[in-house]
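Take a look at the letters that make up each chain.
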Amino acid sequence: MRRPALARKAAKPRQSKENSAAPAERSGLRARKRQETRERLTRAAMTLFLERGFEATTLDDIVAAANVSRRTFFHYFASKEDVVLAWQEDGTAALVAAVAARPAGESMLQAAENAIIELVRQLDPREAIALARLKRDNPALQARDQAKYEKMERELADALLKRANHKADRMKARLVAMITTGAMRVGADLWTADGAREKPELFAKRMFAAIRGIFE
């Protein structure tokens, strides 16, 4: 009796490039939508905070302005304070990126100074004053502001050290980050207290000139 031939193993269908790329594209689209929603919530909340005040702005006001649900808000933020912190963290990320992009020939202090000058050109004086008042009048935001500067100092030190590409420069990177972050805090207080009348980039240059003058 003839034995039945073994059935050939079915070949797996070859996945097209379009099909293989589809999951990654969908994942990227979801990530972009999440980021857009987060940014929309942040912009809506900060606009209301600066216009009405932090305490006077309710969660319902924020979700209505952003056209999302309360559930969506809590998917991104645990509280109103977290929105302000997220907005400030974007500034830290921008500073770190600006430092990383500075020319290799610049010293650590020069890189930090030029990165800050580049960023402060984008400041809106009226918004800066309103934000300063917002933090001044709210103890919870003051505590978050302190945490923001501590985080900024760590991330700035890491960016300066990575840029130097030499582990022996760790102490110098931390010292420059500490001095720079402290100068930003003092500078922001003085600039807004004076009504933000001077162009922020000129004020930043005077601030760093004062730092250099201390060590001369």
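As a starting point, this report considers the structure included with it.

So, how was this worked out
- Each chain has its residues counted from 1, running along the sequence as written.
- Residues qualify for local features only when their pLDDT is at least 70, as the model is predicted, and side-chain atom pairs are given and counted only at 80 or more; totals for whole chains, interfaces and linings, by contrast, use all residues.
- Side-chain descriptors were evaluated using all non-hydrogen atoms of the structure, hydrogens and water having been removed beforehand.
- Labels follow the DSSP assignment, with helices taken as runs of H or I lasting at least four residues and strands as runs of E lasting at least two, numbered in each case from the N terminus.
- Whether two residues touch is decided by their heavy atoms; if any such pair falls within 4.5 Å, the residues are in contact.
- Note on areas: Shrake-Rupley with a 1.4 Å probe; residue coverage comes only from the protein chains shown.
- Residue exposure (1.4 Å probe, protein chains only): buried if accessible area is under 20% of the type maximum, exposed if over 50%, otherwise partly exposed.
- Pairs of N or O atoms within 3.5 Å make up the polar contacts considered here, provided that, within protein, one atom can donate a hydrogen while the other can accept it, and that residues adjacent in sequence are counted only when both atoms are side-chain atoms.
- Only the stretch in contact is used when a helix axis is fitted, and all axes are lines through C-alpha atoms; the angle between N-to-C directions ranges over 0 to 180 degrees.
- Relative orientations are named as follows: roughly parallel for angles under 35 degrees, roughly antiparallel for angles over 145 degrees, roughly perpendicular for angles from 65 to 115 degrees, and oblique for any other angle.
- Charged residues are taken to be Asp, Glu, Lys and Arg, nonpolar residues to be Ala, Val, Leu, Ile, Met, Phe, Trp, Tyr, Cys and Pro, and polar residues to be all remaining types, Gly included.
- Note on aromatic contacts: the rings of Phe and Tyr and the six-membered ring of Trp form a pair at centre separations within 6.5 Å, being stacked when their planes are under 30 degrees apart, edge-to-face when over 60 apart, and tilted otherwise.
- Only Lys NZ and Arg CZ are tested; either one counts as a charge over a ring when it is within 6 Å of the ring centre and within 35 degrees of the ring normal.
- One less than the residue count of a helix, multiplied by 1.5 Å, gives the span that helix is expected to have.
- Here the arc refers to the set of directions running from the helix axis out to each C-beta atom.

1. Observations regarding the overall build of the protein chain
Within the protein chain, the secondary structure is distributed over nine helices and zero strands. Taking the contacts inside the protein chain whose residues are at least 6 apart along the sequence as the reference set, 67% of them involve residues at least 24 apart. Of the roughly 14,500 Å² that the protein chain leaves accessible, carbon and sulfur atoms contribute 53%.

2. Quick notes on the side chain of Asn138
If you trace the backbone, Asn138 turns up in the loop between helix 6 (125–136) and helix 7 (139–164). Residue Asn138 is classed as buried on the basis of its relative accessible area of 4%. Among the polar contacts listed, one links the side chain of Asn138 to the side chain of Glu55, at a separation of 2.7 Å. Sequence-distant contacts of Asn138, defined by excluding residues within four places in its chain, comprise Phe54 and Glu55.

3. Considerations on the packing of helix 6 against helix 7
Interhelical geometry of helix 6 versus helix 7 gives an angle of 115° and a closest axis separation of 7 Å. The orientation of helix 6 relative to helix 7 falls into the category roughly perpendicular. Contacts between helix 6 and helix 7 involve Leu134, Lys135 and Arg136 on the former and, on the latter, Leu141, Gln142, Asp145 and Lys148. Residue composition of the contact of helix 6 with helix 7, grouped by class: two nonpolar, one polar and four charged.

4. Quick notes on the packing of aromatic side chains
Going through the model one piece at a time under the given rule, you end up with three aromatic pairs. Both rings, one in Phe49 and one in Phe54, keep their centres 4.8 Å apart while their planes meet at 50°; by these two values the pair is tilted. No difference in accessibility class separates Phe49 from Phe54, as the two residues are buried. Ring geometry for Phe73 against Phe77: centres 5.8 Å apart, planes inclined by 50°, an arrangement best described as tilted. The pair Phe73 / Phe77 is uniform in exposure class, with both members buried. An aromatic cluster of three or more residues is present, and its members are Phe73, Phe74 and Phe77. Positioned above the aromatic ring of Tyr149 is the side chain of Lys148, whose terminal nitrogen or guanidinium carbon lies 3.9 Å from the ring centre.

5. Re the environment of Ala111
Along the chain, Ala111 falls in helix 5 (residues 108–120). Through-space distance from the C-alpha of Ala111 to that of Arg163 is 9.6 Å; in sequence the pair is 52 residues apart. Dropping the residues within four chain positions of it, Ala111 is found in contact with Val99, Arg102, Glu106 and Arg163.

6. Quick word on helix 9 (residues 200–215)
For helix 9, built from 16 residues, the straight-helix expectation of 22 Å at 1.5 Å per residue is met to within 8% by its first-to-last C-alpha distance of 24 Å. Among the residues of helix 9, Pro200, Glu201, Phe203, Ala204, Met207, Phe208 and Ile211 are the ones counted as buried. Down the axis of helix 9, the sector holding all buried residues measures 160°, keeping them to one side. Residues of helix 9 that are buried sit in contact with helix 5 and helix 8 (170–193).

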